[in-house]
Amino acid sequence: MTISPLAGKPAPKEMLIDPARLEREYFERKPDLDDPGQLVSFGTSGHRGSPLRGSFTEAHIIAITQAICDYRRAQGTDGPLYMGKDTHAVSGPAQRTALEVLAANGVQTIIQRDDGFTPTPVISRAILVYNRARAEHLADGIVITPSHNPPEDGGFKYNPTNGGPADTDVTQWVENRANELLRNGNTGVKRVGFTTALNADTTHQEDFVLPYVNDLRNVVDMEAIRAANLELAVDPLGGAAVHYWEPINTVYKLQIAVVNPKVDPTFSFMTVDHDGEIRMDCSSPYAMARLVGLKDRYQVAFANDTDADRHGIVTPSAGLMNPNHYLSVAILYLLAHRPHWPEQAAIGKTVVSSSMIDRVVRKLGRRLSEVPVGFKWFVPGFFDGSCCFGGEESAGASFLRHDGSVWTTDKDGPIMDLLAAEITTRTGKDPGEHYRALTAEFGTAYYTRIDAPATAEQKARLEKLSPEAVKEANLAGEPITAKLTRAPGNNAPIGGLKVVAHSGWFAARPSGTEAVYKIYAESFKDEAHLNAIVSEAQEMVNSALGPATYS
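Here is a short report on the structure shown in this document. (Residues numbered from 1 in each chain as written. Predicted model: local features only at pLDDT ≥ 70, side-chain atom pairs only at ≥ 80, totals over all residues. Heavy atoms only, no water.)

1. Quick look at the packing of helix H11 (residues 323–337) against helix H15 (residues 431–442)
The N-to-C vectors of H11 and H15 enclose an angle of 90 degrees; their axes lie 9 Å apart at closest approach. The orientation of H11 with respect to H15, classified from their angle, is roughly perpendicular. Residues His325, Tyr326, Ser328, Val329 and Leu332 of H11 pack against Pro431, His434, Tyr435 and Leu438 of H15. Here the residues of the contact of H11 with H15 sort into 6 nonpolar, 3 polar and no charged. (Axes fitted to C-alpha atoms, helices over the stretch in contact; angles between N-to-C directions. Helix = DSSP H or I, 4+ residues; strand = E, 2+ residues; numbered from the N terminus. Parallel < 35°, antiparallel > 145°, perpendicular 65-115°, else oblique. Contact = heavy atoms within 4.5 Å. Nonpolar A, V, L, I, M, F, W, Y, C, P; charged D, E, K, R; others polar.)

Laid out in structure tokens, this is it:
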């Protein structure tokens, strides 16, 4: 991976977006419907794009919102719709547009009062709390966010009545309907003016902050954190959780220092990510350089991305923890400190997450459920309590309430932050120290992710590869024990290939947006063994795919 000379340094002024221009482009630019990149496209977590690329405009949001209204009607979903937005420059305009369509369709819509920001997990929890003990008139939600993406981007996610990211069948329906509307010039859309929408009987402005904050005691041991009087700090990275931390301090009598309380759509306070982009990625040491620089001032410090569904944990012993490392520690701790969780409940991980998790779960005699990439795969298990923890290598995770019932069915960054404080409080060691103990017991895990070039044809072939296409019997000097194209936990296609040996593994998946495929690899031997795995992975995949053909 090439590292930009700007990586980890303050963003220079010439990199900053012009929010006024971005908003102008959002309203005025018309997408080119002959360009597939400018159509509605739901990836693993909603539609994302930018007004500057013609892929996130008012036309898109009108079409997607009407499609969601049509989907709700077809499903008989007639309860309230909870809608939140993050701090990206076009999230506010997109929420206004969506409200105009929702109001015209008679959808009871609840938004944060005073035009405030709302984290993704807050919307998920609100849906679940409303739907608890209800069999009809169920709630669902929309979150307007491109997650940690650069400041010029926008994103739009739909969470159905189970509170989690919509499954593929739902997003495909919404995507197809939205593109149909787009191609017809949005003539089939119902819409009213913004003032009319805001004052409609169906629009309700409520406070999402305190209900979520007050409920935190039921998922994290807030009293233990208060009693320990730890030196804690948080950097919301200018995101939607920014106005949640002082209420958390007030309600629980904590003194978490908010080291960066700024909200700025240019994100001028960020340090530049590895590739020279401004990106609010709380798992990147380059984007997190300022908070990492404070590691010795606090017993635990943490951050979240812009919609607060990801976490970044900084400790004096480890600096910024690799997400895989923290997931392993969190699982180890939670299974020992949540006595009311059902013993048969599984630990969920994605196929590209560290095998350290496998070792921890095996040691504790619990069941592991390995699923494809995407948090949506954890939703059914969280919803019915058969999964007590679910985590992704990209720093997203959630877990059950103390009593074993569902908390959220979407990723929750703040509870993972607060859990790091609970772990430190209850054990006297920070999460970095706990991970060091895991490596002493199970060995050091060497993990990497790289991109390899691939044509569109090769990417399509990789997605549909069969295990038999891999002819090799060994991986980096060890017998191959598994060749997987379906996830062991739920038999769902992983959209690629995973090859496993005793001391290491690799997975290969096509990128949804670039002419590459991604290789994830891990070794429990050393860097040389990891490099051998990566090298052989590329050879295996290229051999299985065969030569590209060009027309």
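2. Re the pattern of salt bridges
A complete count under the given rule lists 31 salt bridges for this structure. Between arginine 226 and glutamate 223 there is a salt bridge whose closest N-O contact spans 2.6 Å. With arginine 226 and glutamate 223 both in helix H8 (residues 222–228) and 3 residues apart, the pair spans about one turn of that helix. Of the residues examined, glutamate 223 reaches a relative accessible area of 47% and is grouped as partly exposed. (Salt bridge = Lys/Arg side-chain N within 4 Å of Asp/Glu carboxyl O. Buried < 20%, exposed > 50% of the residue type's maximum accessible area, 1.4 Å probe, protein only.)

3. Some remarks on helix H16 (residues 456–463)
Considered for burial, the residues of H16 that qualify are Gln458, Lys459 and Leu462. Down the axis, H16 shows its buried residues gathered within 100 degrees of arc, on one side only. Lining the buried residues of H16 we find strand S20 (493–501), strand S21 (504–510), strand S22 (516–523) and helix H17 (527–545). (Arc of directions from axis to C-beta.)

4. With respect to helix H9 (residues 245–252)
Restricting attention to buried positions, one finds in H9 the residues Trp245, Ile248, Asn249 and Tyr252. Viewed along the axis of H9, the buried residues span an arc of 100 degrees, placing them on a single side of the element. In this structure, the buried residues of H9 make contact with helix H7 (209–215), H8, strand S8 (232–235), strand S9 (257–258), strand S10 (300–304) and helix H14 (413–427).

None of the figures reported here should be taken as evidence of function without further support.
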